[in-house]
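What follows is each chain in one-letter form.
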Amino acid sequence: MSFLANIFARRQQSSSVAKDRLQILLAHERSSGGESGESDLIRQLHKEIMEVIARHVAVDQDKVQIKVDRGSGCSMLEIDVEVPQELSGKRAS
Amino acid sequence: MSKVLVVTSGKGGVGKTTSTAALGAALAQSGQNVVVVDFDVGLRNLDLVMGAERRVVFDLINVVQGDARLSQALIRDKRCETLSILPASQTRDKDALTSEGVARVMDELREKFDWVICDSPAGIERGAQLAMYHADMAVIVTNPEVSSVRDSDRIIGLLDSKTKKAEQGEKVDKHLLLTRYDPARAARKEMLSVEDVLEILSIPLLGIVPESEDVLKSSNVGAPVTLAAPTSLPARAYFEAARRLSGEKLEVSVPVEKRGFFDWLFKRDA
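Residues numbered from 1 in each chain as written. Chains lettered and ligands numbered in written order. Predicted model: local features only at pLDDT ≥ 70, side-chain atom pairs only at ≥ 80, totals over all residues. Heavy atoms only, no water.

## Thoughts on the overall build of chain B
Okay, step 1: Per the secondary structure count, chain B includes 14 helices and eight strands.
Okay, step 2: Taken over the C-alpha trace, chain B has a radius of gyration of 18 Å; the compact-globule value for 270 residues is 18 Å, and the two agree within 12%.
Okay, step 3: Considering only C-alpha atoms, chain B reaches an extent of 60 × 40 × 35 Å along its principal axes.
Okay, step 4: For chain B, the residues scored as buried account for 54% of the 270 residues in total. (Helix = DSSP H or I, 4+ residues; strand = E, 2+ residues; numbered from the N terminus. Rg over C-alpha atoms; globule rule 2.2 N^0.38 Å. Buried < 20%, exposed > 50% of the residue type's maximum accessible area, 1.4 Å probe, protein only.)

Put into structure tokens, the structure is as follows:
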């Protein structure tokens, strides 16, 4: 039955939708959670990274995304900086 | 060396009180001295689930405020003599619990018992934070369902920042207890699987308690499932979880009913 249902329904399994939604949501909440020590670290990192970037380029506050993914073996720090158009143009030429 | 264990979840209705009673009884049944402490002030239920509701005279708040001695408030279980319960107050509110008073009671409990198991109220407010503050270990009760997993993640964050251990630069030893798990639905991908939840929360697995009629039947009669139906699947899961808490290394398996032909032929209710 489930084999037939899979062929005809062809829809995404609800548990994998749940997992994907949770992973996206929690990655965001862990970085902006507010109370944990981890988010203090993130705020500090965000501030200092912004200061360094601001010395060289004018970047919008919310164009810098910092995330920490907590893993059992290791955690990953992800820094995403969106650079303005003019600068990336200058570098290419 | 006595251990303080908090049973917590953030979300309500996932099985904190049931799990507190079952784990407490399972540890006591192995001969260790156990007290289960209800921190859910104003909405106490641990006494009811454990069948001690008519024996409550004094409660946690009376002891915290010095109106009663600890020995007057402790209720010894009638079925298992190494198991005691310290009930919460039904009439007072959580503000009657002072941090200093709770600290004093926890110290006194540590002297008397091998295990002090704190049943946390739902939520992340003061009551939940008081229940977890003194913990050496935490059992995070989670259902394979999005809102429960999200709240567990939040609670893990609090355990890492708002406990005495965290303040001292140490870590609370955290364990995941997955409850109301339905292996058949997980296999059909209609429910988050054990692996999914572990991948998201990344804390070690203490046990998998399957969805079962025996849990409700036990709370109906006021007994932890490990005492009322010791051979049932949930009871077996709690017994194994208790052995893991005591330090045994046991493989965690998804509990499934193994029925022989004759069991099937003469299908009976436990």
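## Focus: the overall build of chain A
Okay, step 1: Helices and strands together make up the secondary structure of chain A, namely four helices and two strands.
Okay, step 2: Taken from the N to the C terminus, the helices and strands of chain A come in the order α-α-α-β-β-α.
Okay, step 3: The buried share of chain A, taken over its 93 residues, is 20%.
Okay, step 4: Within chain A, counting contacts between residues at least 6 apart in sequence, those at least 24 apart form 29% of the total. (Contact = heavy atoms within 4.5 Å.)

## With respect to the confidence of the model for chain A
Okay, step 1: With 66% of its residues at a pLDDT of 70 or more, chain A shows a mean pLDDT of 73.
Okay, step 2: Per-element confidence in chain A ranges from a low mean pLDDT of 56 for helix H1 (residues 2-9) of chain A to a high of 87 for helix H2 (residues 14-32) of chain A. (pLDDT = per-residue confidence, 0-100.)

## Section: the pairing of strand S4 (residues 83-86) of chain B
All names here are of chain B.
Okay, step 1: Along S4, one buried face is formed by Leu83 and Ile85 and the opposite face, lined by Ser84 and Leu86, is buried too.
Okay, step 2: For strand S2 (residues 34-38) and S4, the ladder comprises four bridges, and the chain directions are parallel. Of the residues in S4, the one forming a bridge with valine 35 is serine 84.
Okay, step 3: Here two bridges tie strand S3 (residues 75-76) to S4, and the two strands are oriented antiparallel to one another. Bridge assignment links isoleucine 75 to a residue of S4, and that residue is isoleucine 85.
Okay, step 4: Joining the antiparallel neighbours S3 and S4 is a turn of six residues. (Pairing = 2+ DSSP bridges.)

## Considerations on the pattern of salt bridges
A side chain of one charge can pair with a side chain of the opposite charge if their charged atoms are brought near each other.
Okay, step 1: Evaluation of the coordinates by the stated rule reveals 16 salt bridges over all chains.
Okay, step 2: Close ionic contact of Asp153(B) with Arg30(A) constitutes a salt bridge, the shortest N to O distance being 2.5 Å. Highlighted residues: Asp153(B) in helix H7 (residues 146-159) and Arg30(A) in helix H2, drawn from two different chains. For the pair shown, Asp153(B) and Arg30(A) are each scored as buried.
Okay, step 3: The salt bridge involving Glu240(B) is made with Arg244(B); its shortest N-O contact spans 3.1 Å. Taken together, the positions of Glu240(B) and Arg244(B), both in helix H13 (residues 233-245) and four residues apart, correspond to about one turn of that helix.
Okay, step 4: According to the relative accessible area criterion, Glu240(B) is partly exposed, its value standing at 29%.
Okay, step 5: Via salt bridges that share partners, Lys19(A), Asp196(B) and Glu199(B) belong to a single interconnected network. (Salt bridge = Lys/Arg side-chain N within 4 Å of Asp/Glu carboxyl O.)

## A look at the sheet that holds strand S5 (residues 115-119) of chain B
Residues and elements named next belong to chain B.
Okay, step 1: As summarised here, the arrangement of the eight strands in space is S3-S4-S2-S5-S1-S6-S7-S8, forming an open sheet in which the pairing is mixed. In this open sheet, the two strands that pair with only one neighbour each are S3 and strand S8 (205-210).
Okay, step 2: Helix H1 (residues 16-29) contacts strand S1 (3-8), S2, S4, S5, strand S6 (137-142) and strand S7 (173-181) of the sheet and is inclined by roughly 170 degrees relative to S5. (Axes fitted to C-alpha atoms, helices over the stretch in contact; angles between N-to-C directions.)

## Looking at the environment of Thr231(B)
All names here are of chain B.
Okay, step 1: Inspection of the secondary structure assignment puts threonine 231 in the loop between helix H12 (225-228) and H13.
Okay, step 2: According to the relative accessible area criterion, threonine 231 is exposed, its value standing at 64%.
Okay, step 3: Counting along the chain gives 156 residues from threonine 231 to isoleucine 75, while the straight-line C-alpha distance between them is 26 Å.

## So, the nonpolar core
All names here are of chain B.
Okay, step 1: The biggest cluster of nonpolar side chains holds 52 residues, and the ones touching the most others in it are Phe39, Leu86, Leu97, Leu109 and Val116.
Okay, step 2: With five residues, the top contributor of residues to this core is H7.
Okay, step 3: Setting aside chain neighbours within four positions, we find leucine 97 in contact with Phe39, Val41, Leu60, Ile61, Val64, Val102, Arg126 and Leu130.
Okay, step 4: Residues Met137, Val225, Ala229 and Ala237 belong to the second largest nonpolar core, which totals 36 residues. (Core = buried A, V, L, I, M, F, W, Y, C linked by side-chain atoms within 4.5 Å.)

## Brief notes about the interface of chain B and chain A
Okay, step 1: Listed per partner, the contact involves 23 residues of chain B and 18 residues of chain A.
Okay, step 2: Here chain B packs against chain A, burying approximately 1,700 Å² in sum over the two surfaces, 52% of which is carbon and sulfur.
Okay, step 3: Considering only the side of chain B, the residues that lose the most area to chain A are Arg150(B), Lys189(B) and Ile200(B), jointly responsible for 31% of the buried surface there.
Okay, step 4: Inspection of the region where chain B meets chain A yields four salt bridges.
Okay, step 5: Where Arg150(B) meets Glu29(A), a salt bridge forms, and the shortest distance between an N and an O atom there is 2.4 Å.
Okay, step 6: For the pair chain B and chain A, the number of links is six residue pairs in polar contact (both at pLDDT 80 or more).
Okay, step 7: Element by element, the count of residues in the side of chain B that touches chain A is highest for H7(B), at eight residues.
Okay, step 8: Grouping the constituent residues of the side of chain B that touches chain A by class yields nine nonpolar, four polar and 10 charged. (Buried area = accessible area lost by both parts, 1.4 Å probe. Polar contact = N/O pair within 3.5 Å; in protein donor to acceptor, adjacent residues only side chain to side chain. Nonpolar A, V, L, I, M, F, W, Y, C, P; charged D, E, K, R; others polar.)

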